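# Structural characterization, general
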Amino acid sequence: MKKIYKWEHFKISILGFMLVICLFGTYYFHFILKTEIIFTHFFYVPIILSALWWSRKGIATAVFLALMLLASHIISPLETPIRADIIRAFMFVAIGVVVATLTEKRCILEDKLLSYSKNLEHQVEERTKELREAQEKQRAILEGIADAVLVQDENLNITWANEVAVNQYGVVIGKRCSETYKQQEEPCADCIVKKTFADGISRSSEEEVVLKDGSRVNFIVSCAPVKDSEGNFVSVVEVFHDISERVRAEEMLLESENKYRTIFENTGTATVIIEEDRTMSLANAEFEKLSGYSRKEIEGKKKWTEFVVAEDLERMKDYHKQRRVDPTNAPREYEFRFIDRKGIIKDILLSIDVIPGTKKSVASLRDITERKRAEEKIKASLKEKKVLLQEIHHRVKNNMQIVSSLLRLQSRKVEDKKMQEVFRECQNRIRTMALIHEKLYQSKDFARINYAQYIDGLTVHVFQSYSIDSNIVNLKTDLEEIFLDLNRAIPCGLIVQELLSNSIKHAFPQGKKGEIRIKLHSDKKGVITLVVSDNGIGFPKDIDFQKAQSLGLQMVNDLTKQISGTIELDRKGGTTFKVVFSVNK
């Protein structure tokens with residue numbers, strides 16, 4: 001501000017000095033010399049300076065000098081006409097107005113120019129800032145992406161590379177790409193960067209490179225040209241996208257496909273891949289043999305429904321539909337009837353399941369026609385044998401009943417009570433064996449019988465044969481459901497019959513009341529325990545039951561050995577016989 005004030009004072013001083021000279025000149029020429037010599041040319045200097053310095057305000061200087069000139073002419077002793085000074089005065093004012101107007105316009109233009117210059121500078125700064133921000137964003141993007149990015153000049157030298165390219169893939173700025181990855185100075189013959197420089201067309205290709213550590217990396221390489229303001233190609237941007245994992249996965253997938261195709265072809269059974277629309281998209285050689293069609297005729301052309309007999313078709317269609325909703329809704333293995341090219345119907349065992357993650361099914365078909373025929377023959381043979389065995393058991397039972405009836409008739413003619421008892425024991429033993437055959441005849445399984453049910457029937461018969469009043473001798477049973485084969489059922493039945501008969505005959509003399517108990521149990525190892533006990537008078541202490549002379553006890557000991565069992569006698573609280581044997585021996 002001080003400098004401006006000083007400059008203003010200086011201009012005023014200069015103008016004042018010039019005006020004084022103008023006043024003095026006018027006085028000197030008009031009043032002293034009394035002449036009209038043109039001296040007013042000097043007046044233009046302060047007029048122009050005032051207009052230049054103060055624009056319109058400077059016109060006051062021109063008006064002042066014009067009025068002064070006219071006033072001095074009027075009061076001077078000159079007698080010349082005033083016309084010339086009027087013209088000069090008009091010129092003063094005109095010059096002042098013109099210069100002031102031009103000065104003002106110049107100032108306006110300077111202000112506009114200054115404003116435009118400032119605006120231009122502001123725009124330049126904003127554009128520069130935007131450019132820097134764009135460059136920073138571009139740099140951040142290029143540095144932030146996982147791909148390697150590099151720029152090559154027309155000599156194929158690398159002029160810039162992002163951190164991924166430098167740190168991860170060993171790119172060296174200033175060298176060529178071929179030097180880094182191909183270990184050769186000259187560019188590759190099929191270098192896409194070189195081709196892009198030649199025609200300006202963006203390209204991409206798959207390449208395998210070798211890093212410094214010897215590892216191989218697969219890339220998708222893409223490049224695009226960069227032009228200058230004149231449209232000339234100055235560089236090429238090259239992007240390396242690592243696809244090593246994908247390539248390895250593809251190689252593994254191909255290896256897996258080859259492996260499973262080999263398995264598919266060599267399963268030994270007819271195998272097909274079925275699409276959701278029931279079309280067979282893949283078939284192996286065994287299916288060709290089974291169906292009579294070639295693969296070209298099957299794959300993508302035939303549906304599995306064409307090979308199924310009408311009676312089985314709806315059921316299999318329903319399975320096909322349910323399997324695609326939930327694979328557990330349909331059976332994975334079942335039988336159906338297959339029609340080959342010649343119309344021959346075959347019995348097939350189908351194993352099928354959905355391929356995970358797809359709507360496709362893999363189906364394995366095994367021809368069981370011969371097996372089914374053999375099974376039918378076996379079933380027919382088994383049926384015949386079943387009928388034969390049933391008839392045998394029935395006849396054995398009838399024959400034994402006839403023998404028992406003969407013994408009963410014969411016993412009636414015998415008056416000796418001991419002989420009658422012998423006949424009755426023989427009848428009971430025969431009835432015991434006949435009851436086994438009766439149970440087998442009634443059973444669906446001729447190999448074994450329910451021994452608990454057998455003992456229930458046997459005890460009823462024995463009690464009836466001795467006419468035992470249940471109010472006097474009570475029978476209690478604790479029988480577990482156990483199945484025995486014929487080789488063990490008959491000996492065990494005879495053992496129970498003999499021990500039960502002994503308790504009835506000897507444990508309760510002279511109408512003594514008592515109780516007989518029979519228990520039958522087994523453990524997890526298949527060991528069976530049979531207990532026949534009573535609370536009668538007890539087994540005589542002077543008799544060794546294993547060396548007894550009675551036929552019944554001898555039979556009990558012999559039959560126990562026959563079933564590879566052991567027998568124990570407990571005389572406490574009556575008589576208890578315990579027989580232990582195993583069904584696994």
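Residues numbered from 1 in each chain as written. Predicted model: local features only at pLDDT ≥ 70, side-chain atom pairs only at ≥ 80, totals over all residues. Heavy atoms only, no water.

### Examining the sheet that holds strand E10 (residues 361-367)
The cut-off we apply is this: For two strands to be treated as a pair, DSSP must find at least two bridges joining them. Each helix is a run of DSSP H or I of at least 4 residues and each strand a run of E of at least 2, with the numbering of both proceeding from the N terminus. For every element, the axis is a line fit to its C-alpha atoms; helices are fit only across the contacting stretch, and the angle between N-to-C directions ranges from 0 to 180 degrees.
What the 5 strands build is an open sheet, ordered E7-E6-E10-E9-E8; its pairing is antiparallel. What marks the edges here is a single partner per strand, and that holds for strand E7 (280-283) and strand E8 (333-339). Geometrically, the sheet is characterised by an average inter-axis angle of 30 degrees between neighbouring strands, direction not taken into account. In this sheet, E10 lies alongside strand E6 (residues 270-274) in antiparallel orientation, the contact comprising 5 bridges. Its bridge partner lying in E10, Ile274 is registered against Ser361.

### Some details on the packing of helix H15 (residues 486-507) against helix H16 (residues 551-562)
Axes are the key here: two packed helices are described by the angle between their axes and the distance separating the axes. Basically, it comes down to this: The scheme is simple: roughly parallel for angles under 35 degrees, roughly antiparallel for over 145, roughly perpendicular for 65 to 115, oblique for anything else. Handedness of a crossing is defined here by the sense of rotation of the near helix relative to the far one, left-handed for an anticlockwise turn of less than a right angle and right-handed for a clockwise turn. Note on contacts: a residue pair is in contact if any heavy atoms of the two residues lie within 4.5 Å. Gly falls in the polar group here, along with every residue not listed as nonpolar (Ala, Val, Leu, Ile, Met, Phe, Trp, Tyr, Cys, Pro) or charged (Asp, Glu, Lys, Arg).
Closest axis-to-axis distance for the H15/H16 pair is 9 Å, and the angle between their directions is 150 degrees. Looking at the two axes, H15 sits roughly antiparallel to H16. Considering the relative orientation of H15 and H16, their crossing is left-handed. The segment H15 lies against H16, with Pro491, Leu494, Ile495, Glu498, Leu499 and Asn502 engaging Gly552, Leu553, Met555, Val556, Leu559, Thr560 and Gln562. In the contact of H15 with H16, the residues fall into 8 nonpolar, 4 polar and 1 charged.

### A short note on the packing of aromatic side chains
This is how the line gets drawn: Stacked, edge-to-face and tilted are the three classes for Phe, Tyr and Trp ring pairs, Trp counted by its six-membered ring, which pair at centre distances within 6.5 Å; planes under 30 degrees apart are stacked, over 60 edge-to-face, the rest tilted. Remark: exposure states derive from per-residue accessible area (1.4 Å probe, protein chains only) relative to the maximum for the residue type, with buried under 20%, exposed over 50%, and partly exposed in between. Should the NZ of a Lys or the CZ of an Arg lie within 6 Å of a ring centre and within 35 degrees of the ring normal, that charge is described as sitting over the ring.
Counted under the stated rule, the structure contains 10 aromatic pairs. Centre to centre, the rings of Phe287 and Phe307 are 5.7 Å apart; their planes meet at 75 degrees, and the pair counts as edge-to-face. Residue Phe287 is located in helix H9 (residues 285-291), and its partner Phe307 is located in the loop between helix H10 (295-298) and helix H11 (310-325); the two are separated by 20 residues in the primary sequence. You can call Phe307 buried: its relative accessible area is 3%. On the numbers, 5.4 Å between centres and 10 degrees between planes, the contact of Phe307 with Phe338 is stacked. Here the residue Phe307 occupies a position in the loop between H10 and H11, and Phe338 occupies one in strand E8, the gap between them amounting to 31 residues. The structure contains a cluster of three or more aromatic residues connected by ring pairs, namely Phe287, Tyr293, Phe307, Phe336 and Phe338. The ring of Tyr293 has Lys302 lying over it, and the distance from NZ or CZ to the ring centre is 4.6 Å.

### A word on the sheet that holds strand E3 (residues 203-210)
Taken together, the 5 strands give an open sheet; going across it, the order is E2-E1-E5-E4-E3, and neighbouring strands pair in antiparallel fashion. The two strands at the open ends of the sheet, each matched to only one other strand, are strand E2 (158-161) and E3. Neighbour-to-neighbour, the strand axes of this sheet turn through a mean angle of 30 degrees, independent of strand direction. Inspection of the sheet shows strand E1 (residues 148-153) paired to E2 by 3 bridges, in the antiparallel sense. Residue pairing in the sheet places Leu150 in a bridge with Ala161 of E2. Helix H7 (residues 192-199) rests against E1, E3, strand E4 (216-227) and strand E5 (233-242) of the sheet, and its axis sits at about 145 degrees to E5.

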